[in-house]
Amino acid sequence: RPTATKEETLPGDWARSATQDSAGNLWLGTGSGLSCYNLSTHRFNNYINKPGASKILHSNSIRSLLTDKKGFVWIGTAEGLNRYNPSTHQIEFFDESKGIPKIFVWTLYLDKDGIVWAGGNSGIYKWNEKASRFDDFTNDSLLGPYTKRVFITMFQDSKGKYWFGLRGALMYDPLQKQIKYYLARGDNSLVDENVSSITEDKDGLIW
C-alpha cells in the first residue's frame, strides 16, 4: 500500500496490473504511476511523470503490463504504450511512428509464438520483430471490420484460435480463415456483451 514514509512506496492504491521480469522483480501498475519492486531488498523504484520534468511514461495511469521472452517489460498506459529495456534501463516510447497510436492500452498479451499483442480503444496491434514496429489489421479480410472497436482483453486457446473481448466476444482463427462474433442476443448466447476476461479449461471449454 502507499504509505507516508520518506522511502519510496507504491505510488497509488488503485492497482490494475502486474508482471514479473526476468530478474524476478515485480512491476506493479497503478492509476498514479509504475513501480518496480525488488523482492530481495523490499524496495520500490517508481516511475512517475512529475510536473515540469520530462515525461518518462506516456501517462501515470497504468492499465496493463507484460514481460516478453527477451525480458522487455511492456507498459500499457491510458495514453499510449511504453517499453522498459532491461539492457539500457531506459523506458522507450511507442507511437504512430512505430505503427501504434497513443491508445488507452486495455490489454497486453504474449501468444504461443512469443509475439506481443496490444489492444485498446482503437483496435488490436501485433508486434513485428523484424520490422521493429506494430502491424494493424485494418486491411485484414477477417479482422478488418472490427479494428475500430475497443479491445478489452484477448486470449489464445490450445488450438491456436484467438479470442477477443470487446462489445461481445470475437473468435479469430487465422489458420482456418474463420471468424465468429458472439453477442448477447437470445437464448444460448452471452449473458452480457461486456467481455473482460477469457480463458480455457482442461477440457478445452472456453469461459
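All figures in this text were calculated on a predicted structure; none of them were measured in a lab. (Residues numbered from 1 in each chain as written. Predicted model: local features only at pLDDT ≥ 70, side-chain atom pairs only at ≥ 80, totals over all residues. Heavy atoms only, no water.)

## Here's the deal with the environment of Ala 53
Then comes step 1: Relative to the helices and strands, Ala 53 is located in the loop between β4 (43-47) and β5 (62-67).
Then comes step 2: A relative accessible area of 49% means that Ala 53 is categorised as partly exposed.
Then comes step 3: Between the C-alpha atoms of Ala 53 and Leu 175, which are 122 residues apart in sequence, the distance is 48 Å. (Helix = DSSP H or I, 4+ residues; strand = E, 2+ residues; numbered from the N terminus. Buried < 20%, exposed > 50% of the residue type's maximum accessible area, 1.4 Å probe, protein only.)

## Considerations on the sheet that holds strand β7 (residues 80-85)
Then comes step 1: Reading across from one edge, β5-β6-β7-β8 is the order of the four strands in this open sheet, with antiparallel pairing throughout. In this open sheet, the two strands that pair with only one neighbour each are β5 and β8 (90-94). Taking the axes of each pair of neighbouring strands and ignoring which way they run, one obtains an average angle of 25° across the sheet. (Pairing = 2+ DSSP bridges. Axes fitted to C-alpha atoms, helices over the stretch in contact; angles between N-to-C directions.)

## Thoughts on the packing of aromatic side chains
Then comes step 1: Considering all chains together, one arrives at 20 aromatic pairs under this definition.
Then comes step 2: Ring plane angle 80° and centroid distance 5.3 Å describe the contact between Phe 151 and Phe 164, whose orientation is recorded as edge-to-face. Here Phe 151, found in the loop between β12 (133-136) and β13 (153-156), pairs with Phe 164, found in strand β14 (residues 162-166); they are 13 residues apart in sequence, far enough to count as distant. Both residues of the pair, Phe 151 and Phe 164, count as buried.
Then comes step 3: Aromatic rings pair up to connect Trp 117, Phe 137, Phe 151, Tyr 162, Phe 164 and Tyr 172 into one cluster.
Then comes step 4: Here the guanidinium or amino end of Arg 16 rests over the ring plane of Trp 14, the centre of that ring lying 4.4 Å away.
Then comes step 5: The side chain of Arg 83 reaches across the aromatic face of Phe 72, ending 4.0 Å from its centre. (Phe/Tyr/Trp six-rings, centres within 6.5 Å; stacked < 30°, edge-to-face > 60°. Lys NZ or Arg CZ within 6 Å of the ring centre and 35° of its normal.)

## What to know about the nonpolar core
Then comes step 1: Formed by 20 residues in total, the largest nonpolar core has its most connected members in Trp 117, Ile 124, Met 154, Phe 164 and Tyr 172.
Then comes step 2: If you list the elements that add at least two residues to this core, you get β13, β14 and β15 (168-173).
Then comes step 3: With 14 residues, the next largest nonpolar core counts Phe 72, Trp 74, Ile 103 and Ala 118 among its residues. (Core = buried A, V, L, I, M, F, W, Y, C linked by side-chain atoms within 4.5 Å.)

## What about the pattern of salt bridges?
Then comes step 1: A complete count under the given rule lists four salt bridges for this structure.
Then comes step 2: With a shortest N-O distance of 3.1 Å, Lys 70 and Glu 129 are connected by a salt bridge. Of this pair, Lys 70 sits in the loop between β5 and β6 (73-77) while Glu 129 is found in the loop between β11 (123-128) and β12, placing the two residues 59 residues apart along the sequence.
Then comes step 3: Of the residues examined, Lys 70 reaches a relative accessible area of 56% and is grouped as exposed.
Then comes step 4: Classification of Glu 129 by relative accessible area gives partly exposed; the value is 48%.
Then comes step 5: Of the charged contacts, one joins Lys 202 and Asp 203 as a salt bridge, the two residues approaching to 3.9 Å between their closest N and O atoms. The two residues Lys 202 and Asp 203 agree in class, both being exposed. (Salt bridge = Lys/Arg side-chain N within 4 Å of Asp/Glu carboxyl O.)

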